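# Survey of secondary and tertiary structure
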Amino acid sequence: MNRKAALSVLLAGVLWGIISLFVRRLNAAGLEAMSISFVRMAVAAVVFTAFLAVTDRKKLRIRPRDWWMFAGTGVVSVVLFNWFYFTTITRSEASVAVVLLYTSPAFVMLLSALLFRERMTARKLAALGMTFAGCVLVAGLTGGGPAIGPDVLLCGLASGLFYALYTIFGRVALGRYDTMTVTAYTFLFGLAGSIPFGRADHVAGAIAAEPELLLYCLGIGVVCTVLPYLFYTWGLARMESGLAAILVAVEPLVGAVLGMTLYQEDRSPAKLAGIALILGAILVLSRPDRVTAPSPGAGRD
């Protein structure tokens with residue numbers, strides 16, 4: 001195994017996993033979930049577009065008839081995923097939010113079976129059962145720990161669903177465009193979709209009142225979006241995609257540990273068992289049915 005590639009993927013997972021640090025600080029300053037999503041879209045869109053403009057302008061060319069793909073990855077998936085994810089973080093616990101987000105592989109499996117007629121196997125069904133049981137335990141529905149409200153549970157599951165839709169739309173887009181093109185336009189369309197609801201004036205006012213917030217805005221866009229994407233893509237190009245998927249599962253582990261240590265969130269046995277089941281389901285789904293070749297590029301929002 002390429003150690004540098006493995007470390008690169010692990011680092012991507014860690015950087016994605018610490019996003020609650022930035023979300024909670026921005027929320028404490030009065031920014032709501034959609035405003036935080038707008039900030040993340042804006043920073044990432046500017047950085048990725050500028051990067052392509054300098055390095056390879058040809059990758060900024062897309063056909064108008066393909067705009068629907070990027071509306072799917074950017075608006076339907078990324079904007080709504082961020083909104084539900086950040087809402088879950090601010091209304092509940094960071095550990096709950098990141099674990100429920102990682103129900104997305106189960107949604108991808110179900111949607112792929114429905115839309116692309118991918119075969120359902122015993123392994124996939126076992127992972128689906130583990131994910132469902134893990135959600136029940138994390139939500140506290142068994143009485144083994146503090147229960148989360150149905151609104152929080154639905155928001156967390158919705159974040160997983162819309163995150164999964166990125167894979168569905170992205171599968172089509174990546175068949176026609178380079179991964180960097182897909183990523184840049186995903187954030188550009190995501191920015192356009194979040195502008196009407198992002199309250200840019202409110203964001204500007206909050207930064208004017210607390211200039212320190214600018215660092216957190218840049219942090220959520222660069223540290224928790226641009227850098228982990230680049231690390232993940234670089235590592236993915238040098239290792240098997242199944243192994244990369246396993247290594248990047250450090251993200252929910254980091255998010256859960258961060259929440260339970262820094263924010264003193266619930267550490268009941270039921271919740272820990274639920275986290276273990278969802279992580280286990282990710283590992284089960286990440287096992288390839290046969291040996292796969294290294295992927296030339298795939299992305300995450």
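Because the structure is predicted, anything quoted here is derived from the model rather than measured.

### Section: the overall build of the protein chain
Helices and strands together make up the secondary structure of the protein chain, namely 14 helices and zero strands. For the protein chain, the succession of helices and strands along the chain, N to C, is α-α-α-α-α-α-α-α-α-α-α-α-α-α. Relative to the globule expectation of 19 Å for 301 residues, the C-alpha radius of gyration of the protein chain, 19 Å, shows essentially globular dimensions. Expressed along its principal axes, the backbone C-alpha trace of the protein chain runs to roughly 50 × 50 × 35 Å. Of all 301 residues assigned to the protein chain, the portion counted as buried reaches 52%. A separation of at least 24 residues holds for 88% of the contacts in the protein chain among residues at least 6 apart in sequence. Here the protein chain has roughly 13,300 Å² of accessible surface; of this, 68% comes from carbon and sulfur atoms. Each charge class in the protein chain can be summarised by its mean position, and for the 25 positive and 16 negative side chains these summaries are 10 Å apart.

### A closer look at the environment of Ile282
Note on placement: Ile282 falls in helix H14 (residues 269–286). Along the sequence, Ile282 and Ala127 sit 155 residues apart, while their C-alpha atoms lie 7.3 Å from each other. Apart from the residues within four sequence positions on either side, Ile282 is in contact with Tyr102, Pro105, Ala245, Ala249 and Pro252.

### Some words on the packing of aromatic side chains
Counted according to the given criterion, the structure contains 12 aromatic pairs. Relative to Tyr216, the ring of Phe22 lies with its centre 6.0 Å away and its plane at 65°, an arrangement referred to as edge-to-face. Remark: Tyr216 occurs in helix H11 (residues 213–236) and Phe22 occurs in helix H2 (residues 19–28); sequence separation between them is 194 residues. Where Phe48 meets Phe187, the ring centres are 5.8 Å apart and the plane angle is 15°; that geometry is what we call stacked. Here the residue Phe48 occupies a position in helix H3 (residues 33–55), and Phe187 occupies one in helix H9 (residues 179–198), the gap between them amounting to 139 residues. By relative accessible area, which is 1% here, Phe187 ends up buried.

### Comments concerning the side chain of Thr73
Relative to the assigned elements, Thr73 resides in helix H4 (residues 67–91). Given the relative accessible area of 0%, Thr73 is considered buried.

### Describing the layout of surface pockets
As a volume, the second largest pocket reaches approximately 180 Å³. If you trace the second largest pocket, you find it lined by Thr103, Ala106, Phe107, Leu110, Leu128, Thr131, Phe132, Cys135, Val136, Leu141, Leu153 and Leu157. Counting only elements with at least two residues in the lining of the second largest pocket, the list comes to helix H6 (104–115), helix H7 (122–138) and helix H8 (150–173). The dominant element in the lining of the second largest pocket, judged by the number of residues it contributes, is H7, at five residues. Among the residues making up the lining of the second largest pocket, the classes are represented as 10 nonpolar, two polar and no charged.

### Examining the nonpolar core
Membership of the largest hydrophobic core comes to 87 residues, with the highest contact counts inside it found for Ile19, Phe48, Phe70, Tyr85, Phe86, Ile220 and Tyr232. Residues within four places of Phe70 in sequence aside, it is in contact with Ile62, Val75, Ala173, Tyr177, Thr181, Val182, Tyr185, Thr186 and Phe189.

### Re the confidence of the model for the protein chain
When pLDDT is averaged along the protein chain, the result is 89, and 94% of the positions lie at 70 or above. The lowest-confidence element of the protein chain is helix H12 (residues 241–247), averaging 74 in pLDDT; the highest-confidence one is helix H10 (residues 200–209), averaging 97. Counted against residues more than four places away or in other chains, residues 291–299, with its pLDDT under 50, gives 21 contacts.

### What to know about H7
In a regular helix each residue adds 1.5 Å, so 17 residues correspond to 24 Å; H7 covers 24 Å between its end C-alpha atoms and thus fits that length. When H7 is considered as a whole, its buried residues turn out to be Arg123, Lys124, Ala127, Thr131, Gly134, Cys135 and Val138. With its buried residues spanning 110° around the axis, H7 presents them on a single face. Exposed residues on H7 whose side chains face more than 90 degrees from its buried face are Ala122 and Phe132. For H7, the secondary structure elements touched by its buried residues are helix H5 (94–101), H6, H8 and H14. Once H7 finishes, Gly140 follows within two positions and takes phi at roughly 75°, a positive value.

Conventions used here
- Residues numbered from 1 in each chain as written.
- Predicted model: local features only at pLDDT ≥ 70, side-chain atom pairs only at ≥ 80, totals over all residues.
- Heavy atoms only, no water.
- Helix = DSSP H or I, 4+ residues; strand = E, 2+ residues; numbered from the N terminus.
- Rg over C-alpha atoms; globule rule 2.2 N^0.38 Å.
- Buried < 20%, exposed > 50% of the residue type's maximum accessible area, 1.4 Å probe, protein only.
- Contact = heavy atoms within 4.5 Å.
- Areas by Shrake-Rupley, 256 points an atom, 1.4 Å probe, with all protein chains shown as cover.
- Lys, Arg positive; Asp, Glu negative; His and termini not counted.
- Charge placed at Lys NZ, Arg CZ, Asp CG, Glu CD.
- Phe/Tyr/Trp six-rings, centres within 6.5 Å; stacked < 30°, edge-to-face > 60°.
- 1 Å grid on protein atoms, 1.4 Å probe; cavity = no way out; pocket = protein on both sides within 12 Å on 5 of 7 lines; lining within 4 Å.
- Points joined across faces, edges and corners; volume = space filled by probe spheres on them.
- Nonpolar A, V, L, I, M, F, W, Y, C, P; charged D, E, K, R; others polar.
- Core = buried A, V, L, I, M, F, W, Y, C linked by side-chain atoms within 4.5 Å.
- pLDDT = per-residue confidence, 0-100.
- Expected span 1.5 Å × (residues − 1).
- Arc of directions from axis to C-beta.

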